Protein chains: 2
Amino acid sequence: MYKVQVASHLKFTDEQKEELEAVSDQLSFVYHKDTDADIILGNVRPESLKEYKNLKWIQTAAAGIDNLIRKGILPDGVILTNAADVHSREVAEHTFAMILSMAKKLYLYRDDQHKHLWADEGMVKQYDEMKVCIVGLGDIGNTLAKLCKALGMYVIGVKRRMIDKPDHVDELYTSEDLDKAISDVDVVVTVMPGNKENENLFTLETFRKMRKDTIMINVGRGNLYTEETLKEVLDNKIIAAVSSDVYLKEPLDPNNELWDKPNLVLTPHVAGGYHLYSAIEKFLDLCKENLRRYLNGEELINIVTIREE
Amino acid sequence: MYKVQVASHLKFTDEQKEELEAVSDQLSFVYHKDTDADIILGNVRPESLKEYKNLKWIQTAAAGIDNLIRKGILPDGVILTNAADVHSREVAEHTFAMILSMAKKLYLYRDDQHKHLWADEGMVKQYDEMKVCIVGLGDIGNTLAKLCKALGMYVIGVKRRMIDKPDHVDELYTSEDLDKAISDVDVVVTVMPGNKENENLFTLETFRKMRKDTIMINVGRGNLYTEETLKEVLDNKIIAAVSSDVYLKEPLDPNNELWDKPNLVLTPHVAGGYHLYSAIEKFLDLCKENLRRYLNGEELINIVTIREE
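Definitions and limits used
- Residues numbered from 1 in each chain as written.
- Chains lettered and ligands numbered in written order.
- Predicted model: local features only at pLDDT ≥ 70, side-chain atom pairs only at ≥ 80, totals over all residues.
- Heavy atoms only, no water.
- Domains from an automatic or database assignment.
- Contact = heavy atoms within 4.5 Å.
- Salt bridge = Lys/Arg side-chain N within 4 Å of Asp/Glu carboxyl O.
- Polar contact = N/O pair within 3.5 Å; in protein donor to acceptor, adjacent residues only side chain to side chain.
- Least-squares fit on C-alpha atoms with pLDDT ≥ 70 in both.
- Buried area = accessible area lost by both parts, 1.4 Å probe.
- Helix = DSSP H or I, 4+ residues; strand = E, 2+ residues; numbered from the N terminus.
- Nonpolar A, V, L, I, M, F, W, Y, C, P; charged D, E, K, R; others polar.
- Axes fitted to C-alpha atoms, helices over the stretch in contact; angles between N-to-C directions.
- Parallel < 35°, antiparallel > 145°, perpendicular 65-115°, else oblique.
- Left-handed = near helix turned anticlockwise from the far one by under 90°.
- Core = buried A, V, L, I, M, F, W, Y, C linked by side-chain atoms within 4.5 Å.
- Buried < 20%, exposed > 50% of the residue type's maximum accessible area, 1.4 Å probe, protein only.
- Pairing = 2+ DSSP bridges.

With that settled, consider the domain arrangement of chain A. All names here are of chain A. Segmentation of chain A into domains returns domain 1 (2-84 + 275-295) and domain 2 (88-266). The centre of domain 1, based on its C-alpha atoms, is set 32 Å off from the matching centre of domain 2. Taken together, the 5 residues of domain 1 in the interface contact 5 residues of domain 2. Joining domain 1 to domain 2, the criterion identifies 0 salt bridges. Linking domain 1 to domain 2 there are 2 residue pairs in polar contact (both at pLDDT 80 or more).

When chain A is brought onto chain B, the operation consists of a screw motion whose angular component is 180 degrees and whose axial shift is 0.0 Å, with 0.0 Å RMSD remaining. Put plainly, the chains are arranged around a two-fold axis. When you check the interface residues of chain A against chain B, 100% turn up at the interface there too, and the contact is symmetric in its surfaces.

Glancing now at the interface of chain A and chain B. Each partner contributes residues to the interface: chain A has 55 residues there, and chain B has 55 residues. Roughly 4800 Å² is buried in total at the junction of chain A and chain B, and carbon and sulfur atoms are behind 65% of that figure. The interface formed by chain A and chain B includes 4 salt bridges. A salt bridge links Lys104 of chain A to Glu93 of chain B; the shortest N-O distance between them is 2.7 Å. Taken together, the connections running from chain A to chain B amount to 30 residue pairs in polar contact (both at pLDDT 80 or more). Among the elements of the structure, α2 (88-103), α3 (106-114), α4 (139-150), β12 (264-266) and α8 (277-295) of chain A are those that each provide at least two residues to the side of chain A that touches chain B. Of the residues belonging to the side of chain A that touches chain B, the class tally is 32 nonpolar, 11 polar and 12 charged.

Moving on: the packing of α2 of chain A against helix α2 (residues 88-103) of chain B. It is the contact of α2 of chain A with α2 of chain B, at a shortest axis distance of 8 Å, that shows an interaxial angle of 140 degrees. Accordingly, the angle class assigned to the pair α2 of chain A and α2 of chain B is oblique. Crossing handedness for the pair α2 of chain A and α2 of chain B: left-handed. Across the interface between the two elements, Phe96, Ala97, Leu100 and Ser101 of chain A from α2 of chain A touch Phe96, Ala97, Leu100 and Ser101 of chain B from α2 of chain B. Considering only residue class, the contact of α2 of chain A with α2 of chain B consists of 6 nonpolar, 2 polar and no charged.

This part is about the nonpolar core. Counting 68 residues, the largest nonpolar core has Phe96, Ile99 and Leu100 of chain A together with Phe96, Ile99 and Leu100 of chain B as the members making the most contacts within it. Sequence-distant contacts of Phe96 of chain A, defined by excluding residues within four places in its chain, comprise Leu144, Leu147, Cys148, Leu151 and Met153 of chain A together with Leu100, Tyr127 and Leu151 of chain B.

Turning our attention to the sheet that holds strand β6 (residues 131-135) of chain A. All names here are of chain A. Reading across the sheet, the 7 strands line up as β8-β7-β6-β9-β10-β11-β12 and stay open at both edges, with parallel pairing between neighbours. The strands lining the two open edges of the sheet, one partner per strand, are β8 (171-174) and β12. Between one strand axis and the next, the sheet turns through 15 degrees on average, direction left out of account. As defined by bridge partners, strand β7 (residues 154-159) adjoins β8 across 4 bridges and the pair is classed as parallel.

Following this line, the structure appears as structure tokens:
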């Protein structure tokens, strides 16, 4: 018998819990913290891991799990699987809505509304004339690229290593040519993981490579640039605007001056996070399949390897 | 020789003015008000029309020209042509950005940002599960329908008279079945002209026919409902939210309480209005072609007939 702790933050309905429990009668499920658990489904705080004496496997609900893959956090022998791809659609759709709404200056009109200001904010961009550079061409990036292509946008992809160019991408670059890839586009989207390699990858010099009318949307991780860099970009209008869903320290401090930057469009890490019912459904399917595999001694899906840095 | 007054609000570049002037040397152009003009390109205030002694033809820059087609405004014998279709792309694209940004609650996150509030606004809608009802299936409506279909949305069209269903529409109704058409959709878009027939067409009862989670976007005219109806809909949350680009009296009075309604997303009549370069280009082409036809005695494009009401 294995005890499975299902994290309370998961938004499973009663029907979905029944589906989960039907996987096998070798599994007993609890829906609260239980340090006797063999398996954890859902996110867990790294500092509480040492309390779990029987832990064998963690299936996280997130794709980016920077806090668990730092050396020394995961107890020896514990398997870690993540929820890669589960969030692709919701993050891509959020980003796409942000691209369109910023291209049409809707955030500026919302600000004007608060000021009771009936003002024309000027020319806007036409979808089929827009160029979008997507830095990080994984599952989210590819889903986003297809949305952009559906409206006739020109899509440039940037990937760590060269691959065959997919049909929904017009030009493909490797990270080495990042500066070139972002130099002449309407929108730069960054959707890379928060690993060491990407830490502070976007310096002030990187932003200066973009056109002044470029909009940047970061739905990857907050360590892509320093807060100082971001503030300088915004204050000096080095590009037209930034939308960021991710921050170095979340939640962002209420006193942080970033909140009041008019050319920063802030969302509170909600691009993913199970805001689509289909994402919850997809995670449920992953849990069911991985539980089945675990009991049968098969290799799990989405195993995360802890890299020595 | 005909004198052509080109309204100063038109955003023609010097190159575009040259193109216009090259149509014929029988035309002399002025770029300011000139009551000797035979032809006016661009919008004109109805009350100043009587000052023009030689006026033969007005080519307006707008599609909706409610103020000119009221009986008794247009001097006898003056031809009126409008800019129908010129604005279709910009209005459709603005509306589409609004659909996506409201489906993803981006306006709520913008409001939260102003309050320094890191808050989760809950579930959002998935594009390919959305149903959109477009009331008014002219050029704008059809352009919008194609954008919606490109993301896999289900599109219901409402047209005054029955036509063959276009491929980019899944269901087609006539105005008589309006209540049915809007009864089970995520988004209702209204894009009808501001004529008597549509005046106060949307009563409180009409809004009550919609689902409580429906979003309505009005890019037609402000006389579609009374201001009292709109306020009741918003205050009683009869539907989830309204976005309106048009108002009965524009600009909206800074003291109007509509500005502060959190579930009203207000834009200041900017969905059209030459915010895309391609719209300016399209209007230039229309002017050139109509000037050529006028000089050759051919029938003009987009003639507006004043209906006796």
